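# An overview of the molecular structure
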Amino acid sequence: MKDEIDAFIAKRGLRLETDATKGQRTVAQREFRRGELILSIPPLFGFPIQRGEEEEGSTNTESTGDRCSMCFSVLPLRHPRCSQCGVSQYCSSECLSAHWAQRHHFECLRLKAATESADFGRVKPGFRPWMRMVVGVNCAVDACAEPGTRVPRWLRVQALAWARLVSHRDRHPRHVLRQYEEISKVLGSLTGAVDALCQFGCNNFVATAEDDPSCAAIGHLCCPLVSLLLNHSCWPNAAYSFTRGGELVVRALDDISPGDEISLAYTDALQPRGRRRKELAAVYFFDCECTRCSGSTPHARVDELMDRDAGELLPRGLPTDFAMPAAADAWALTVVKGLLAGGAKVDVLVLEAVEGQLARDVSFAAYSHWRECQDECIDRVGADESAQWLWPWAAAAALHVLAFYALVYPPAHPLIGHQCLKTAQLAWNALQSDVKKGVVDRALVKALATSALSTLQAPSLKRQASTILGLVDED
C-alpha cells in the first residue's frame, strides 16, 4: 500500500516522510517554481453544493440540483442527466461522458438505491450529499479491491490513501455523529459508514472555481491522497483549486527547494489567529503551531498587528461621505508596490511598512471597512451612471484590500491574483473618469495587470488581464 503511494508521488517529485511533531510530512524532491503544477488528480468522490443543501442545519425538505455533477458549473436550463440513476445531472454531454468514465459507472445504481430509500427523508438536506459521498467512495474502494477489475492507477492510489486517513470519530460533536448514524441506518448493509463520514468530515476539500474572483464554495471533494500528503500552514507554499475538467490541482505559491515541506492552508488566512486556531482544532483536531501562529518570523509579527482591537475607530483614510479627494495610505502603497516588484524580501518590506501603524489603520477590522468601501463604490457606480466620480475611490479602496491580502497571503496566492485584476480594472476606470487627480497611474495599472496575468490560471481571467494591458499600451 505504502510502496504504491510512494512510487506514485515520487514520479511527481514528492516524498512522504515521518515527522516527530506532525506524524508525517511531504517534502519536495526537486525544485518547484512559483506557479508550477505540483499535483493534479481527480477526486475519489465529489459533489456540488446544491440549492437547499448548503447548510448543515437546514430544515428545507427539498433540494434542487442546479450544478453539474462533474465540473460543478451552473446547469443550463436544458441539460442531460444520467439515464441510469437519474440523480447525477450535467451541464453538457461531454461532462456526462467524462464523469461516467471517471467513476460514475461504479456508483450509479447504488446512488439511485440510496436516494430512493424510504428512510431518505430522515436525513437532513445538509447531510444528503455526504450520504452520496459514502456510497460513491465505498463503490470506488470496492471496485479497486475486486480481483480482475481494471481501474486507473490514480483511483487505486486514492483508495489506498483513503484507507490510511484517520477518522477521529471520538472527537466529533455528538449532534454530528447522530446525523451520521441516521445516514448509516438509511444505507443499511453498507458497513463502516459512520467512520467514513468522520474521515470525510476532517479531510474534505471545499471546491472553488479557478475563474471565480470571490472564490465562493461550489462543492466538496474527497481527495484522500492530498489529505494524506499535505499538512496545514497559515502561511502555505502551495494552494489547490478545482478545474473545469473535474480535477483537484495543487500549485506552488512560492519557489520550493528540494527538502522543503509542502503545505496547504486548511482555513481562510484572512481572519484573526484565535479564530483560525479554534476552527482548526474544532474541524481538523490539531493545534496550529505554524510560523504565522508562533515564533518570531515577519509573518507572525504582521499577524499580531492585524489581530489588534481597533475598537470603534475607523481607518483614518476611509471616506465618510466621499467628499474628499481619493487617496491611499502610504503604507498600503508601499506594500502593493513591494508585492508587485517581487523578490525574496517582500515579507520584510511588508513588516517594515506596517510596523508602527495604528490598529485603526492596520487590523482585520480596518480590512473589513476598506472591503465594504470597495464594494459600496462598485455597487453605486453599477446602479447609477452619473456616479462615475466614485471610480477613484473604488480604486483606492481596492488598493487597500490588496495591501491587506499581501499581509496574510503569499504573493502568488490566487486571491491576490484576483484582487490585482480587480484593482487594475477599477484603476483603469478611474483613469478614464472625469476626475483628473487620483491615486493611480498607468504604470501601476500595468504592473497590476501583469501580476494578475502571471498569477491567475483561468483562461478567461488571463484574457481580462491581457485586455487591460492592451488598453494601457494603446492609450
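Definitions and cut-offs
- Starting afresh in each chain, residues are numbered from 1 along the sequence in its written order.
- In view of the model being predicted, local features appear only for residues whose pLDDT reaches at least 70, and side-chain atom pairs are presented and counted only at 80 or more, with totals across whole chains, interfaces and linings using the full set of residues.
- To obtain the side-chain values, all non-hydrogen atoms of the structure were used and water was disregarded.
- The term salt bridge refers to a side-chain nitrogen of Lys or Arg lying within 4 Å of a carboxyl oxygen of Asp or Glu.
- By definition, any uninterrupted DSSP run of H or I lasting at least four residues is a helix, any uninterrupted run of E lasting at least two residues is a strand, and each is numbered from the N terminus.
- Categorising residues by exposure relies on relative accessible area from a 1.4 Å probe, with only protein chains included: less than 20% of the type maximum marks a residue as buried, more than 50% marks it as exposed, and the intermediate range marks it as partly exposed.
- Paired strands are those between which DSSP finds at least two bridges.
- The axes are straight lines fitted to the C-alpha atoms, using for helices just the contacting stretch, and the angles between their N-to-C directions are given from 0 to 180°.
- Here, residues are in contact when the closest pair of their heavy atoms is within 4.5 Å.
- Each helix should span, by expectation, one fewer than its residue count multiplied by 1.5 Å.
- Pairing of N or O atoms within 3.5 Å defines a polar contact, subject to two protein rules: one partner must be a possible hydrogen donor and the other a possible acceptor, and residues neighboring in sequence count only if both atoms are side-chain atoms.
- Each residue carries a pLDDT score, the predictor's own confidence in it, on a scale running from 0 to 100.
- The arc under discussion is defined with respect to the helix axis, by the directions toward the C-beta atoms.

## Topic: the pattern of salt bridges
As enumerated under the stated definition, the model contains 22 salt bridges in all. Note that E4 and R156 form a salt bridge whose closest N and O atoms lie 2.6 Å from each other. Of this pair, E4 sits in helix α1 (residues 2-10) while R156 sits in helix α4 (residues 153-164); the two residues are 152 residues apart in sequence, bridging distant segments of the chain. According to the relative accessible area criterion, R156 is partly exposed, its value standing at 29%. A salt bridge links D255 to R33; the shortest N-O distance between them is 3.5 Å. Of this pair, D255 sits in the loop between β9 (248-252) and β10 (263-264) while R33 sits in the loop between β2 (23-28) and β3 (37-41); the two residues are 222 residues apart in sequence, bridging distant segments of the chain. Relative accessible area serves as the criterion here: at 38%, D255 is assigned to the partly exposed category. Each of R273, R276, R292 and D303 takes part in salt bridges that share partners, so that together they form one network.

## Structural notes on the pairing of β2
Bridging between strand β1 (residues 14-19) and β2 involves 6 bridges; their strand directions are antiparallel. Note that in β2 the partner of L14 across the bridge is A28. Following β1, the chain reverses through 3 residues before pairing antiparallel with β2.

## With respect to the sheet that holds strand β6 (residues 217-222)
In space, the 3 strands of this open sheet follow the order β4-β6-β5, with antiparallel pairing throughout. Looking at the sheet topology across the chains shown, the edges are occupied by β4 (45-48) and β5 (205-208). If you compare each strand with its neighbour and ignore which way they point, the axes differ by 30 degrees on average. As paired strands, β4 and β6 are joined by 4 bridges and run antiparallel to one another. Bridging from a neighbouring strand, F45 pairs with C222 of β6. In this fold helix α3 (residues 128-145) packs onto β4 and β6, with an angle of close to 155 degrees to the strand it touches most, β4.

## Observations regarding α3
Its 18 residues give α3 an end-to-end C-alpha distance of 26 Å, which sits within 8% of 26 Å, the value for a rise of 1.5 Å per residue. Counting buried positions along α3 yields 14 of 18 residues, so the element is predominantly enclosed.

## Things to note about the side chain of Q374
For Q374, the position within the fold is in helix α12 (residues 364-383). When its relative accessible area of 0% is taken as the criterion, Q374 is described as buried. At 3.2 Å, the side chain of Q374 and the side chain of D375 are in polar contact. Discounting residues that sit within four places of it in the chain, Q374 has contacts with A397, A398, V401, Q419 and K422.

## So, the confidence of the model for the protein chain
Per-residue pLDDT for the protein chain has a mean of 88; in total, 94% of the residues score no lower than 70. The low-confidence segment residues 56-63, where pLDDT is below 50, has 17 contacts with residues more than four positions distant or belonging to other chains.

## Things to note about the side chain of D303
Relative to the helices and strands, D303 resides in helix α9 (residues 298-306). Setting aside chain neighbours within four positions, we find D303 in contact with R273, R276, R292 and F364.

## Structural notes on helix α16 (residues 459-474)
Between the first and last C-alpha of α16 there are 22 Å, a value that for 16 residues agrees with the 22 Å anticipated at 1.5 Å per step. Regarding α16, the residues found buried are L461, A465, I468, L469 and V472. All buried residues of α16 lie within an arc of 95 degrees about the axis, which places them on one face of the element. Exposed side of α16, more than 90 degrees from the buried face: P459, R463, D473 and E474 are the residues found there.

## With respect to the environment of R316
Its place among the elements puts R316 in the loop between α9 and α10 (330-341). As for R316 and R360, which are separated by 44 residues in sequence, their C-alpha atoms are 7.3 Å apart. Apart from residues lying up to four places away in sequence, R316 is in contact with Q357, L358, R360 and D361.

## Some thoughts on the sheet that holds strand β8 (residues 238-242)
Spatially, 3 strands are ordered β3-β9-β8 in an open sheet, and the strand pairing comes out antiparallel. The sheet is open, and its two borders are formed by β3 and β8, each paired with just one other strand. The sheet shows a mean angle of 15 degrees between the axes of neighbouring strands, direction not considered. Note that β8 and β9 share 5 bridges and pair antiparallel. Directly across from F242, in β9, lies its bridge partner L248.

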